[in-house]
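# Structural features, examined
Below are the chains, spelled out letter by letter.
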Amino acid sequence: MKQTFYSNGKLLITGEYLVLDGAKAFALPTQYGQDLIVEETNDGLLRWTSFDHDKSIWFEDTIAVESIVSKERFEDDKSVKNTLIEILHEAYLMNADFIKDGKGYTITTNLTFPRLWGLGTSSTLINNIAQWLQIDAFELLRRSFGGSGYDIACAQNNTGIIYQLVNEKPTVEIVHFNPDFTDKIFFVYLNKKQSSKRAIASYYNNLGNIQKAIPVINEITQTVIEATHPKAFALALLQHEIELSNILELSTIKETLFHDFDGVVKSLGAWGGDFVLAISKENPTDYFKAKGFETIIPYSEMIL
């Protein structure tokens, strides 16, 4: 019997980094995501194939059940295989039944966005595996990749969310974000994928006074969600960039790349890579293309 599971991609609009320390974060699920298709076999092997958005294979390997149980590690050039085994090993510890009695599987995953876009290749995989094995996706994330878990919440919800860690436990509040000015919001890919792990390490090396910043970010998050006019929305995002710039001791993305842009540009998630949000009175597509950034996606085509 074939089983299919699907999870949404994600974009973190406010609260990057600080969400790890209890700040309220506003996040939106994307129209893009990833599925996982499972067919059971009886040979004790997992035959795994992962397809990128263009149907090209970006990962393909066979993993013995024993490798999952023992958390076997392979050569450095098998980093994707090692990561997958780590996730499956933690899933096995949470639900050992899926590889009992000689069970095996043929598994395929299909991304609907380019893998390097940073919209949640890992989080959608973890949430899909958790759905398949009927285990807690937040716990599987904690045991494997780590991170705040907002991306898991986006994977599971088809609307905007406020995400917060309360006593290190995830809380999710549904937000119906649909202001009149979404036609002025665009998402621009910066032509490089940013490592969340490296960015988080950088954050903890530049902590500053984050406890004072958390209530400020919480207030900004609320302003962003409740904004009914594009100017209020844009000014709140600008204030957010300034706050994070001071904490991270980094220039904002607008200062670095888009100083002459007539509008506001905000980093989303890890600073320096993946997508940014741009809001302006006029369609900014020509501006960003002239700067060498070809992927500009309107809000209506990106967000669920």
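Summarised in this report is the structure supplied together with it.

So, how was this worked out
Residues numbered from 1 in each chain as written. Predicted model: local features only at pLDDT ≥ 70, side-chain atom pairs only at ≥ 80, totals over all residues. Heavy atoms only, no water. Helix = DSSP H or I, 4+ residues; strand = E, 2+ residues; numbered from the N terminus. Buried < 20%, exposed > 50% of the residue type's maximum accessible area, 1.4 Å probe, protein only. Contact = heavy atoms within 4.5 Å. Areas by Shrake-Rupley, 256 points an atom, 1.4 Å probe, with all protein chains shown as cover. Lys, Arg positive; Asp, Glu negative; His and termini not counted. Charge placed at Lys NZ, Arg CZ, Asp CG, Glu CD. Patch = residues over 30% accessible without salt bridge, like charges linked within 9 Å, V, L, I, M, F, W, Y side chains within 5 Å. Salt bridge = Lys/Arg side-chain N within 4 Å of Asp/Glu carboxyl O. Pairing = 2+ DSSP bridges. Axes fitted to C-alpha atoms, helices over the stretch in contact; angles between N-to-C directions. Polar contact = N/O pair within 3.5 Å; in protein donor to acceptor, adjacent residues only side chain to side chain. Left-handed = near helix turned anticlockwise from the far one by under 90°. Nonpolar A, V, L, I, M, F, W, Y, C, P; charged D, E, K, R; others polar. Expected span 1.5 Å × (residues − 1). Phe/Tyr/Trp six-rings, centres within 6.5 Å; stacked < 30°, edge-to-face > 60°.

With that settled, consider the overall build of the protein chain. From N to C terminus, the protein chain includes eleven helices and eleven strands. Referenced to the eigenvectors of the C-alpha coordinate spread, the extents of the protein chain come out at roughly 60 × 40 × 35 Å. Relative to its 304 residues, the protein chain shows a buried fraction of 53%. The contacts of the protein chain with a sequence gap of at least 6 include a subset with a gap of at least 24, amounting to 68%. Summing over all exposed atoms, the protein chain offers an accessible surface of approximately 14200 Å²; the carbon and sulfur share of this is 47%. When the 27 positive and 39 negative side-chain charges of the protein chain are each reduced to one mean point, those points stand 1 Å apart.

Residues L235, L238 and I242 make up a contiguous nonpolar surface patch of roughly 260 Å² in combined accessible area. In this structure, L238 sits in helix 8 (residues 230–248). Looking at L238, the relative accessible area reads 37%, which means it is partly exposed.

Looking now at the sheet that holds strand 10 (residues 275–279). Neighbouring strands of a sheet are bound in pairs by backbone hydrogen bonds; such pairs are parallel or else antiparallel. An order of 9-10-8-11 is seen for the four strands of this open sheet, with the pairing classed as antiparallel. Of all strands in the sheet, those with a lone pairing partner are strand 9 (264–267) and strand 11 (296–298), marking the two edges. Going from strand to strand, the sheet's axes swing by 25° on average, the running direction of each strand aside. Sheet topology note: the strand 8 (residues 185–189)/strand 10 ladder contains five bridges and is antiparallel. Pairing of V188 across the sheet is with V276, part of strand 10.

With that out of the way, let us pick up the side chain of H89. Tracing the backbone through its elements, the reader meets H89 in helix 2 (residues 79–94). Judged by its relative accessible area of 10%, H89 is buried. Of the polar contacts made by the side chain of H89, one reaches the backbone oxygen of I68; its length is 2.8 Å. Apart from the residues within four sequence positions on either side, H89 is in contact with I68, V69 and K71.

For the rest of this paragraph, the subject is the packing of helix 2 against helix 3 (residues 121–133). Contact geometry for helix 2 and helix 3: axes closest at 11 Å, N-to-C directions at 35°. Seen from above, helix 2 lies across helix 3 with right-handed handedness. Contact residues: helix 2 offers L84, I87, L88 and A91, while helix 3 offers L125, I126, I129 and L133. Here the contact of helix 2 with helix 3 is built from residues that sort into eight nonpolar, no polar and no charged.

For helix 2, spanning 16 residues, the distance from its first C-alpha to its last is 23 Å, which sits close to the expected 22 Å at 1.5 Å a residue. Those residues of helix 2 lying buried are K81, N82, L84, I85, I87, L88, H89, E90 and A91. Residues of helix 2 that are buried sit in contact with strand 3 (45–51), strand 4 (57–64), helix 1 (65–70), helix 3 and helix 4 (137–143).

One pass over the structure, following the stated rule, counts 20 aromatic pairs. Judged by centre distance (5.4 Å) and plane angle (75°), the ring pair of F98 and W132 falls under edge-to-face. A residue pair is termed long-range when its members are at least 10 positions apart, and F98 in the loop between helix 2 and strand 5 (104–111) and W132 in helix 3 qualify at 34 residues. Take F98 and W132: they sit in the same class, and that class is buried.

Further remarks concern unusual backbone geometry. The backbone phi angle of Q134 is positive, close to 55°, even though this residue is not glycine. If you trace the backbone, Q134 turns up in the loop between helix 3 and helix 4. The phi dihedral of N167 is positive, around 55°, even though this residue is not glycine. Counting through the fold element by element, N167 comes out in the loop between strand 6 (160–166) and strand 7 (169–175).

Quick look at the pattern of salt bridges now. Evaluated as defined, the whole model comprises eight salt bridges. With its nearest N and O atoms 3.2 Å apart, the salt bridge here joins D97 to K100. Classification of K100 as partly exposed rests on a relative accessible area of 43%. If you follow the salt bridges from partner to partner, you end up with E90, E139, R142 and R143 in one network.

Attention now goes to the pairing of strand 2 (residues 25–41). Counting buried positions along strand 2 gives 13 out of 17 residues, so the element sits mostly inside the fold. Bridging between strand 1 (residues 2–14) and strand 2 involves eleven bridges; their strand directions are antiparallel. Its bridge partner being in strand 2, L12 is matched across the sheet by A27. In this structure, strand 2 lies alongside strand 6, joined through three bridges in antiparallel fashion. Across the sheet, residue A25 finds its bridge partner in strand 6, namely Y163. Strand direction decides the pairing type here: strand 2 and strand 5, joined by eight bridges, are antiparallel. Counterpart to E39 in the pairing with strand 5 is T106.

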